Amino acid sequence: MSQDTMKIPQATAKRLPLYYRFIQNLHASGKQRVSSAELSEAVKVDSATIRRDFSYFGALGKKGYGYNVGHLLSFFRKALDQDEVTNVALIGVGNLGTAFLNYNFMKNNNTKIKMAFDVDPEKVGTSIGEVPIYHLDELEKQLTSASVQVAILTVPSSAAQSITDRLAASNIKGLLNFTPARLSVPAAIRVHHIDLAVELQSLVYFLKNYSDSPEEKSQ
Ligand code: ATP
């Protein structure tokens, strides 16, 4: 995030990429303005939250006009550092890891998985979607050489903490943890934990128990 977005609340910051993707699509389709109601419908965030979020960005919609798409687009581009590519490493080229390498976040053109690591001799030395797979022994050396700042963890949870300790010592700033392990990291490192099994379970729980009033409709 750039200086401009340092002070916005974290919940708002998390919605930035969501807004950005939608605004990009609007811009590509030639639309010049958008109302908070239209945005709300598209991104499934209530319009009061959208108006509050956008006020943090200094974007004040005009009544009867809405927001200027071009202005929003340049704000989001700047805020999300679109000019600067963030190099990402992926550790653990199993089923999930392989899917990420094939996908490689092409729609978010500011992040790129540059390298992957594994310990399986059948995988080490090969590449998937042009991403080379190195042995975990080379972790520190390769991360430093490509100035990688973010890592995605898709290893078995038993291996997660020891790899995290090595990542922390290698100047990694952010970690996207797909393992069920709760990780301990130094305060300077930010961890986002995504446990797909728990997410699915909680969705099913909400469907079963709150199907008449789905409060968790949006994220
Ligand atoms: P997934 O959970 O991604 O679907 P999987 O079920 O195919 O994967 P897992 O046993 O979870 O396999 O392992 C994921 C990947 O992590 C495998 O490719 C495995 O070789 C790799 N792996 C296991 N231990 C380590 C380790 N200590 N360091 C790096 N990679 C590891």
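The preceding data block contains the structure.
Residues numbered from 1 in each chain as written. Predicted model: local features only at pLDDT ≥ 70, side-chain atom pairs only at ≥ 80, totals over all residues. Heavy atoms only, no water.

Colleague: How would you explain the site of the ligand if you had to name every residue and give the values?
Modeller: Near the ligand, the surroundings consist of 16 residues, among which Val93, Asn95, Leu96, Asp118 and Lys123 are the closest. In the environment of the ligand, an oxygen atom lies 3.3 Å from a nitrogen or oxygen atom belonging to the backbone of valine 93. Protein contacts shield 66% of the accessible area of the ligand, which totals 620 Å² for the unbound molecule. Looking at the shell around the ligand, the elements that each hand over two or more residues are α5 (95-103) and α7 (157-169). (Near = heavy atom within 4 Å. Polar contact = N/O pair within 3.5 Å; in protein donor to acceptor, adjacent residues only side chain to side chain. Areas by Shrake-Rupley, 256 points an atom, 1.4 Å probe, with all protein chains shown as cover. Helix = DSSP H or I, 4+ residues; strand = E, 2+ residues; numbered from the N terminus.)

Colleague: Lay out the pattern of salt bridges in plain terms, naming residues and giving numbers.
Modeller: Using the criterion set out here, one finds 5 salt bridges in the structure. A salt bridge links aspartate 53 to arginine 15; the shortest N-O distance between them is 2.7 Å. Of the two residues, aspartate 53 sits in helix α3 (residues 47-56) while arginine 15 sits in helix α1 (residues 10-28), which places them 38 residues apart along the sequence. A residue is classified by how much of its surface remains accessible, and aspartate 53, at 0% relative accessible area, is buried. Note on arginine 15: relative accessible area 13%, which makes it buried. (Salt bridge = Lys/Arg side-chain N within 4 Å of Asp/Glu carboxyl O. Buried < 20%, exposed > 50% of the residue type's maximum accessible area, 1.4 Å probe, protein only.)

Colleague: Could you give an account of the packing of aromatic side chains, naming the residues involved and the relevant values?
Modeller: One pass over the full model with this rule turns up 11 aromatic pairs. Here the aromatic rings of tyrosine 19 and phenylalanine 54 are separated by 4.9 Å at their centres, their planes lie at 90 degrees, and the arrangement is edge-to-face. Here phenylalanine 54 lies in helix α3 and tyrosine 19 lies in helix α1, a separation of 35 residues in the sequence. Assessed through its relative accessible area of 0%, phenylalanine 54 is described here as buried. Between phenylalanine 54 and phenylalanine 76, the aromatic rings sit 6.0 Å apart at their centres with planes inclined by 70 degrees, giving edge-to-face as the arrangement. Here the residue phenylalanine 54 occupies a position in helix α3, and phenylalanine 76 occupies one in helix α4 (residues 69-79), the gap between them amounting to 22 residues. (Phe/Tyr/Trp six-rings, centres within 6.5 Å; stacked < 30°, edge-to-face > 60°.)

Colleague: Give me unusual backbone geometry: which residues, what numbers.
Modeller: The backbone phi angle of lysine 44 is positive, close to 60 degrees, even though this residue is not glycine. Along the polypeptide, lysine 44 turns up in the loop between α2 (36-43) and α3. According to the relative accessible area criterion, lysine 44 is partly exposed, its value standing at 40%.

Colleague: An account of helix α8 (residues 196-209) is requested, with residue identities and associated values reported.
Modeller: Spanning 14 residues, α8 covers 20 Å between terminal C-alpha atoms, matching the ideal 20 Å at 1.5 Å per step. Two or three places before alanine 197, at the start of α8, stands the capping residue aspartate 195, its side-chain oxygen 3.2 Å from that residue's backbone nitrogen. (Expected span 1.5 Å × (residues − 1).)

Colleague: I'd love a proper account of the nonpolar core, names of residues and values included.
Modeller: With 23 residues, the main nonpolar core has Tyr19, Ile23, Val34, Leu39, Phe54, Phe57 and Phe76 as its most contacted residues. Counting only elements with at least two residues in this core, the list comes to α1, α2, α3 and α4. Per element, the largest residue contribution to this core is 7 residues, and it comes from α1. With sequence-adjacent residues up to four places away left out, tyrosine 19 is seen in contact with Val43, Val45, Thr49, Ile50, Asp53, Phe54, Phe57 and Phe76. Listed in part, the 19 residues of the second largest apolar core include Met115, Phe117, Leu136 and Val155. (Core = buried A, V, L, I, M, F, W, Y, C linked by side-chain atoms within 4.5 Å. Contact = heavy atoms within 4.5 Å.)

This is a description of form; function is not addressed.
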